[in-house]
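# Observations on chain architecture
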Amino acid sequence: MNWIRIFKLVNVLIALVMLSACSSEASLKYADKKSDFVMLKKIEQQYQVWNKTPYRYGGNTLNGVDCSAFVKRFYSDKFNMWIPRVTTDQAKIGVSVSQLQAGDLIFFKTGRGSAGLHVGIYYKNGQFLHASTSDGVRFSNVNDSYWKKHYWIAKRVVS
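To start, this report covers the structure provided alongside it.

### Topic: the environment of N141
With respect to the element layout, N141 can be found in strand β9 (residues 136–141). Along the chain, N141 and F128 lie 13 residues apart, while their C-alpha atoms are 6.2 Å from each other. Aside from chain neighbours lying at most four places away, what touches N141 is N125, G126, Q127, F128 and W147. A polar contact of 2.7 Å, which involves the side chain of N141, links it to the backbone nitrogen of N143.

If you want it as structure tokens, here you go:
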């Protein structure tokens, strides 16, 4: 009788592990085929201009830029669209999405409080463009263990 209880317990534990793994994977899906070709080109153009611009907290120029200023400049430069300057305020705009498309804002909780947020612009194939604190403006992959662990929400500000 003890073997039956052990067998049932093992099955329950396996099911719980599988369910928890599935729930964390479900938060990041891509709708790349629905991504707008024009949006993809605009992201590529912005990358060409800003590539390797160093990260500078509070920066807003090619001499140095932080993540929220980079996102703000993208929407200003490419769409003549105003979005807030601060990451916490950027996270409040747009519509929450579960399937990422090019141009969506992707947010990460990388530290504590409002200063512990990071934002980038989703591109395609899991890649997003952002102002990295260590490498400046660059593409990174949301599936890298660091970004996947810190993923918070995604918002669509342009339909």
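Still to come is the rest of the account.
### Looking at the sheet that holds strand β6 (residues 105–109)
With respect to topology, six strands assemble into an open sheet ordered β4-β10-β6-β7-β8-β9, the strand pairing being antiparallel. If you trace the sheet from one side to the other, it starts and ends with β4 (95–96) and β9, each paired once. Where β6 lies against strand β7 (residues 117–122), five bridges are found, and the strand directions are antiparallel. Residue pairing for β7: I106 is matched across the bridge by G120. Along the sheet face, helix α2 (residues 37–50) touches β7, β8 (127–132) and β9 and points at about 135° away from the line of β9. Across the sheet, helix α3 (residues 67–79) is in contact with β6, β7, β8 and β9; its angle to β7 comes to roughly 30°.

### Some thoughts on the nonpolar core
Membership of the largest hydrophobic core comes to 24 residues, with the highest contact counts inside it found for I43, F70 and L105. Looking at this core, the elements that each hand over two or more residues are α2, α3, β6, β7, β8 and β9. Per-element accounting of this core gives the leading share, six residues, to α3. Leaving out residues up to four positions away in the same chain, L105 has contacts with V71, Y75, Q90, V119, G120, I121, I153, A154, K155 and V157.

### Section: the environment of L62
Tracing the sequence through the fold places L62 in the loop between β2 (60–61) and β3 (64–65). Using a relative accessible area of 46% as the deciding quantity, one classes L62 as partly exposed. A sequence separation of 75 residues divides L62 from V137, and the C-alpha atoms of the two residues are 9.8 Å apart. Not counting the four nearest positions on each side in its chain, L62 is found in contact with V49, W50, T53 and P54.

### With respect to the environment of Y30
Within the element layout of this structure, Y30 appears in strand β1 (residues 29–30). Linking Y30 and A102, residues 72 residues apart in sequence, is a C-alpha distance of 9.2 Å.

### With respect to the packing of aromatic side chains
Scanning the model with the defined rule gives twelve aromatic pairs in all. Taking the centre distance of 5.9 Å and the plane angle of 75° together, the rings of F74 and F79 count as edge-to-face. With centroids separated by 5.1 Å and ring planes inclined at 35°, the aromatic side chains of F108 and F128 adopt a geometry described as tilted. Here F108, found in strand β6, pairs with F128, found in strand β8; they are 20 residues apart in sequence, far enough to count as distant. The ring of F79 carries K42 above its face, with NZ or CZ at 4.6 Å from the centroid.

Conventions adopted
- Residues numbered from 1 in each chain as written.
- Predicted model: local features only at pLDDT ≥ 70, side-chain atom pairs only at ≥ 80, totals over all residues.
- Heavy atoms only, no water.
- Helix = DSSP H or I, 4+ residues; strand = E, 2+ residues; numbered from the N terminus.
- Contact = heavy atoms within 4.5 Å.
- Polar contact = N/O pair within 3.5 Å; in protein donor to acceptor, adjacent residues only side chain to side chain.
- Pairing = 2+ DSSP bridges.
- Axes fitted to C-alpha atoms, helices over the stretch in contact; angles between N-to-C directions.
- Core = buried A, V, L, I, M, F, W, Y, C linked by side-chain atoms within 4.5 Å.
- Buried < 20%, exposed > 50% of the residue type's maximum accessible area, 1.4 Å probe, protein only.
- Phe/Tyr/Trp six-rings, centres within 6.5 Å; stacked < 30°, edge-to-face > 60°.
- Lys NZ or Arg CZ within 6 Å of the ring centre and 35° of its normal.

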